[in-house]
Structure formats: C-alpha cells, structure tokens
Amino acid sequence: EERYRLVASATKDVVWDWNLVTGAIEWNEAVNLAFGYGPEEPTDNGVWWTEHIHPDDYDAVWTSVEAAMAGTGRYWAGDYRFMRADGSYAHVNDRGYIVRDDTGRAVRMIGAMTDMTAQYRAQAELQEALDELNLVYLHSADMIGVANQTHFLRVNPAFERILGYSADELLNVPVANITHPDDLKPTQDQIEAMNEHHIAMMGFVNRFRRKDGVYRWIEWNT
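Let me sum up the structure you'll find in this document.

Take the pairing of strand β7 (residues 152-155) next. A regular strand carries its side chains on alternate faces of the sheet. Pairing analysis gives 3 bridges linking strand β6 (residues 145-147) to β7, with the strands arranged antiparallel. Bridge pairing in β7 places Gly145 opposite Val155. Counted between consecutive antiparallel strands, the loop separating β6 from β7 contains 4 residues.

Following this line, the structure appears as structure tokens:
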C-alpha cells in the first residue's frame, strides 16, 4: 500500500484504486491537475467516474469492464473520452489490474489513466494533411510518382492519362524500357549525382515513350 501511494504521488498519470465490493474509488492528485477539478472533486463514489465518461463511449467502456471482471484475466484496458472540469472532453487511455479473491471473484482494480488528447489531435491533423496531399496526388495535372533506381513504385492518374499506360503496366515495367535510349545515361547520371551529393531537389528533362510509341518530353522535379 505504501509503495502504491508513493507511485501514485510521483506519476503524472491519473492513478485510481477501485474497491469493487463497495464501489468506492480513490484517486491521486493527478486527476485534479490533468482535468482541472478542484480539491472537492472527485468523490470516492464510483458513480462520479461513470458520470464523466462521454455518453457515446459509456456502453462500450462499461461492457468491457464488466467482461473483464466476470472473466478470469488480470487486466482491463479502454480508450474513451473523459469530461474535464470545463465541460470539454479529453481522450484517455485507461488500464487496470484486477485483484481477485480465493474464489476468483474480482474484488479490486488498480489502474492508471493517461491523457492522450495531444496525441489524438496530432494524429487527426496528420490524417487531414495526408487526405489533402492525397487529393493533390489524385487530381494533379502533373505526373506524380515514387520510384527506386529501376521501377516506379507508385504513380498518380496523370501518368496514365499522359503516357497511356495503366498503373499496373507502369509499375511492372523497368523505367529504362520507356525512356528514350539517348536519355538513359543522362537520366542515370542525374539520379546518381542527386544520391551522391544528397541533393534534396533537382530538375532535369528526358523523354518517355507513350504506349502508342510517341515520345513525350518530361520535365522532372525530384
């Protein structure tokens, strides 16, 4: 118990100790710091916790808690939204260790709640940026592709529109096969120079053969 209280005082996580027989929950001071509650909150009644779970998350959280207690395992974990003192919600990761008596009945759960809001926000912003980038990739009039030394790994629809090949054809054919023979060495020299000198940006021009056999001049920015 002394070790538990020392850890609960030292960590930034919200540590809780839930008596499953009486329903009482003890919280460490981090619950006030993390969510803005005054010293009079939270109460030691487990109802306070459940009342602060987002309504849309409540059923899933409580169902998982009940299943963990009714089973034989030792661990429970859940991700949900938890109400702050100002009425906003934090995204939290919560996990607990279940203590059982000699009959296997769950009598206590000790756990820790971590505020993951910043991570969730960063993930959402990253996804939004990726979605915007994907829109540019799909609808750009310019050919946008990813390639290694020999093959294209990914091409956008503009490749198909300008060169007449399907994406599968472009990905399965060596780039050299559709490059004008006179441009093979200059192109390779440009790529090698970029790699050797760690040049992040480089522009050059070469010719690619369309599916109908006509060569098109392509200006590359890599």
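Moving on, we get to unusual backbone geometry. Cis geometry marks the peptide bond from Glu41 to Pro42, where omega comes out at -5 degrees. With respect to the secondary-structure elements, Pro42 resides in the loop between α2 (30-35) and α3 (46-51).

Rolled over the atoms, a probe with the dimensions of a water molecule shows which regions are left empty. In this structure, the largest pocket encloses a volume near 550 Å³. The wall of the largest pocket is formed by 26 residues, among which Ala147, Asn148, Phe152, Val175 and Ile191 lie closest to the centre. Elements with a contribution of two residues or more to the lining of the largest pocket: β6, α8 (175-178), α9 (184-196), β8 (203-209) and β9 (215-221). A class-by-class count of the residues in the lining of the largest pocket yields 15 nonpolar, 11 polar and no charged. As a volume, the second largest pocket reaches approximately 240 Å³.

Now for the side chain of Asn206. Positionally, Asn206 belongs in strand β8. The buried category is assigned to Asn206, whose relative accessible area is 2%. Polar contacts involving the side chain of Asn206 include one to the side chain of Trp220, which spans 2.7 Å. Sequence-distant contacts of Asn206, that is, excluding residues within four places in its chain, are made with Thr179, Asp183, Thr187, Arg216, Trp217, Ile218 and Trp220.

Moving on, we get to the side chain of Thr179. When you line up the elements, Thr179 lands in the loop between α8 and α9. Thr179 sits in the buried class, given a relative accessible area of 5%. A distance of 2.8 Å separates the side chain of Thr179 from the backbone oxygen of Val175, its partner in a polar contact. Non-local contacts of Thr179, meaning those with residues more than four positions away in its chain, are made with Leu184, Thr187, Asn206, Arg207, Phe208 and Tyr215.

Turning our eyes to something else, we now look at the pattern of salt bridges. Counted by the stated rule, this structure contains 8 salt bridges. Arg81 serves as the salt-bridge partner of Asp57, at 2.9 Å between the closest nitrogen and oxygen. Of the two residues, Asp57 sits in helix α4 (residues 55-70) while Arg81 sits in strand β3 (residues 75-83), which places them 24 residues apart along the sequence. Here Asp57 falls in the buried class, since its relative accessible area comes to 15%. Across the pair Asp101 and Arg105 runs a salt bridge, and its minimum N-O distance is 3.4 Å. The class for Arg105 is partly exposed, based on a relative accessible area of 49%.

It is worth spelling out empty space enclosed by the protein at this point. If you walk through the whole model with that rule in mind, you get 1 cavity of 30 Å³ or more. By volume, the largest cavity is sized at about 60 Å³. Lining the largest cavity are Trp16, Trp18, Ile25, Trp27, Trp49, Val65, Trp76, Asp94, Met109 and Met113. Elements with a contribution of two residues or more to the lining of the largest cavity: β1 (14-19), β2 (25-27) and β5 (106-115). For the lining of the largest cavity, the per-class residue count stands at 9 nonpolar, no polar and 1 charged.

We now examine the sheet that holds strand β4 (residues 89-100). With antiparallel pairing, 5 strands are arranged side by side in an open sheet as β2-β1-β5-β4-β3. In this open sheet, the two strands that pair with only one neighbour each are β2 and β3. Across the sheet, the axes of successive neighbouring strands diverge by a mean angle of 25 degrees, strand direction being ignored. Across the face of the sheet, α4 comes into contact with β1, β3, β4 and β5 while running at roughly 160 degrees to β3. Contacts from helix α5 (residues 117-139) reach β3, β4 and β5, with the element oriented near 130 degrees to β4.

Conventions used here
- Residues numbered from 1 in each chain as written.
- Predicted model: local features only at pLDDT ≥ 70, side-chain atom pairs only at ≥ 80, totals over all residues.
- Heavy atoms only, no water.
- Pairing = 2+ DSSP bridges.
- Helix = DSSP H or I, 4+ residues; strand = E, 2+ residues; numbered from the N terminus.
- 1 Å grid on protein atoms, 1.4 Å probe; cavity = no way out; pocket = protein on both sides within 12 Å on 5 of 7 lines; lining within 4 Å.
- Points joined across faces, edges and corners; volume = space filled by probe spheres on them.
- Nonpolar A, V, L, I, M, F, W, Y, C, P; charged D, E, K, R; others polar.
- Buried < 20%, exposed > 50% of the residue type's maximum accessible area, 1.4 Å probe, protein only.
- Polar contact = N/O pair within 3.5 Å; in protein donor to acceptor, adjacent residues only side chain to side chain.
- Contact = heavy atoms within 4.5 Å.
- Salt bridge = Lys/Arg side-chain N within 4 Å of Asp/Glu carboxyl O.
- Axes fitted to C-alpha atoms, helices over the stretch in contact; angles between N-to-C directions.

Interpretation note: all reported values are geometric properties and have no functional meaning in isolation.
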